[in-house]
Every structure is written in C-alpha cells, then in structure tokens.
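What follows is each chain in one-letter form.
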Amino acid sequence: MPPSRRRATAAVFADPKPPKPPAGVDIATGDPEPEGSYQRLAYYDVDLSGREAEGVRFTQCRFRAADLSGSRLDQLTLTDCLIQHSNWANLTSDGGTLTRVELRDSRMTGLTIADGVLRDVRAEECRFNLSAWRFTRFEAVHFIGCDFTGADLTGADLRGARFTRCDLSGIQLHQADLTGTRFRGCALAGVGSPAQLRGAVFHEADLPALSFVLAAAMGITINSD
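For clarity, every value in this text was computed on a predicted model and none was experimentally measured.

1. What to know about the overall build of the chain
Assigned secondary structure in the chain consists of one helix and 14 strands. Taken over C-alpha atoms, the radius of gyration comes to 18 Å for the chain, in line with the 17 Å a tight globule of 225 residues would show. If one aligns the C-alpha atoms of the chain with their principal axes, the spans along those axes are about 65 × 40 × 30 Å. Within the chain, the fraction of its 225 residues that count as buried is 49%. Across the chain, contacts joining residues at least 24 apart in sequence account for 14% of those joining residues at least 6 apart. For the chain, the exposed surface amounts to about 10600 Å²; the carbon and sulfur share of it is 49%. Taking the average location of the 25 positive side-chain charges in the chain and that of its 28 negative ones, the two points are 6 Å from each other.

2. A look at the pattern of salt bridges
For the coordinates displayed, the defined rule picks out 13 salt bridges. We note a salt bridge from Arg 104 to Glu 102, for which the minimum N-O separation is 2.7 Å. Two residues, Arg 122 and Glu 124, come together in a salt bridge whose shortest N-O distance is 3.4 Å. Looking at Arg 122, the relative accessible area reads 32%, which means it is partly exposed. One salt-bridge network, in which partners are shared between bridges, spans Arg 72, Asp 74 and Asp 94.

3. Overview of the packing of aromatic side chains
Per the stated rule, a full pass over the model turns up 15 aromatic pairs. Ring geometry for Phe 138 and Phe 143: centres 6.2 Å apart, planes at 65°, overall edge-to-face. Taken together, the aromatic side chains of Phe 128, Trp 133, Phe 138, Phe 143, Phe 148, Phe 163, Phe 183 and Phe 202 make up a single cluster linked through ring pairs. Taking the ring centre of Tyr 44 as reference, the NZ or CZ of Arg 64 above it sits at 3.9 Å.

4. Focus on the state of the cysteines
Inspection of every chain in the model, using the stated rule, returns zero disulfides. Of all cysteine sulfurs in the structure, the one in Cys 81 sits closest to Cys 61, which takes part in no disulfide; the separation is 5.0 Å. Among the cysteines around Cys 146, which has no disulfide bond, Cys 166 carries the closest sulfur, lying 4.8 Å off.

5. Describing the side chain of Asp 74
Along the polypeptide, Asp 74 turns up in the loop between β5 (62-64) and β6 (77-84). Judged by relative accessible area, Asp 74 falls into the buried class, the value being 17%. A polar atom in the side chain of Asp 74 sits 2.9 Å from the backbone nitrogen of Asp 94. Those residues in contact with Asp 74 that lie beyond four places of it in its chain are Ala 53, Glu 54, Gly 55, Thr 92, Ser 93 and Asp 94.

Rules of the game
Residues numbered from 1 in each chain as written. Predicted model: local features only at pLDDT ≥ 70, side-chain atom pairs only at ≥ 80, totals over all residues. Heavy atoms only, no water. Helix = DSSP H or I, 4+ residues; strand = E, 2+ residues; numbered from the N terminus. Rg over C-alpha atoms; globule rule 2.2 N^0.38 Å. Buried < 20%, exposed > 50% of the residue type's maximum accessible area, 1.4 Å probe, protein only. Contact = heavy atoms within 4.5 Å. Areas by Shrake-Rupley, 256 points an atom, 1.4 Å probe, with all protein chains shown as cover. Lys, Arg positive; Asp, Glu negative; His and termini not counted. Charge placed at Lys NZ, Arg CZ, Asp CG, Glu CD. Salt bridge = Lys/Arg side-chain N within 4 Å of Asp/Glu carboxyl O. Phe/Tyr/Trp six-rings, centres within 6.5 Å; stacked < 30°, edge-to-face > 60°. Lys NZ or Arg CZ within 6 Å of the ring centre and 35° of its normal. Disulfide = S-S within 2.5 Å. Polar contact = N/O pair within 3.5 Å; in protein donor to acceptor, adjacent residues only side chain to side chain.

Structure below.
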C-alpha cells in the first residue's frame, strides 16, 4: 500500500467545500486531448463516451447530460466542477483527483478511480454500484442517497468520508481504514467481517440495523417468533 495514502492520526470529518463558481462558461467543442487543460467550459448534452486521454484537467467546468461512459482518462483532474444528470458509467482513471466537486443524480456504475484522491466532494442521488476505489483517499467527502452496492473500496482511506442514506450492500472493505468514517441510515447487508467496520462511527438510530449485520457475520439467526 502506498505510504502516501496513510497519515499518523485519524482525520476529523469536515463538510465539503463547494465548487468555486465560474464568472461564466463557454460551450465546449471537440474531444479532450492528452494533457489538455480546460477551464470554464459547459459540456451539455454531449457524447464523449469511449474516449482515451491521459492527464486531462477540467477546472470550473459544468457537465450536464454529459456521456463519458467507457472512457479511459488516467490522471484525470477535476477542480471546482459540477456534474449533473450525466452518465460516467465504466469510466476509468488511475490516479484521478477530484477537488471541490459536486455530483448530482448521475450514473457512475462501474466507475474506477484507483490510487486517487477525493477532496471536498459531495455526491447526491448518484449510482456508484460496482464502482472501484482501490487505495483512494477520501478527504471531506459526503455521499447522500447514493447506491454503492457491490463497490470495491479495498485499501481505501475513508477517514474523511461520510455516508448518509446510502445502499452499501455487498461492498468490499478489505484493508480499508474506516477510523472516524460516519454512517447514518445506510444499508450494510453483506459487508462481511465486522472487523472491517472497526473505527467507524454510526448514529444511534442505526443500532438495530447494525445488529443484524453483526449477527449475520457471526452466524447468529434472529427469530421474531
């Protein structure tokens, strides 16, 4: 595991900082080029699926109904960006970095960001099912009402993450650091060993649901008769 992904002390959760809004945007034209830098552009109703480019940087850009599904964008950098009603399913980015980014009502099924960084990110009502975040670091990241079923968070640093009303059924947390990770109103069926949740913080209202998860992992049957 890369040593740069770990810190000596547990992170304290902070609310994500919102993206800095641009003074104005221009309508984007053309495909992203390798090492290309794009600022204050609007990607509205565009099909950029299946593209391949490394080191692309988007700053203060807006994505609405933008299809980037199946693209390979290693070392992708998103800064002060807003993503709405878009399809980024199966997009892959090794070493991707998101800073002050908001995602709303978007399909991210199978999204892969390995060995990356998410900092000041807020995602609401997005589908991250079957996504992969191996060895990625989360700092001030809040997921609200998102679908994470079957997601792979192996080795992820989740100390700066919060999950609210998310479906986390069947997620993989092997070697992930959940010290201080906050959960509220989440589904956690099939998470696996209770030890993988060590250090996490749950709201007291979630104790009944959590008891079923722990009981299932220990082979205990709960009978209501």
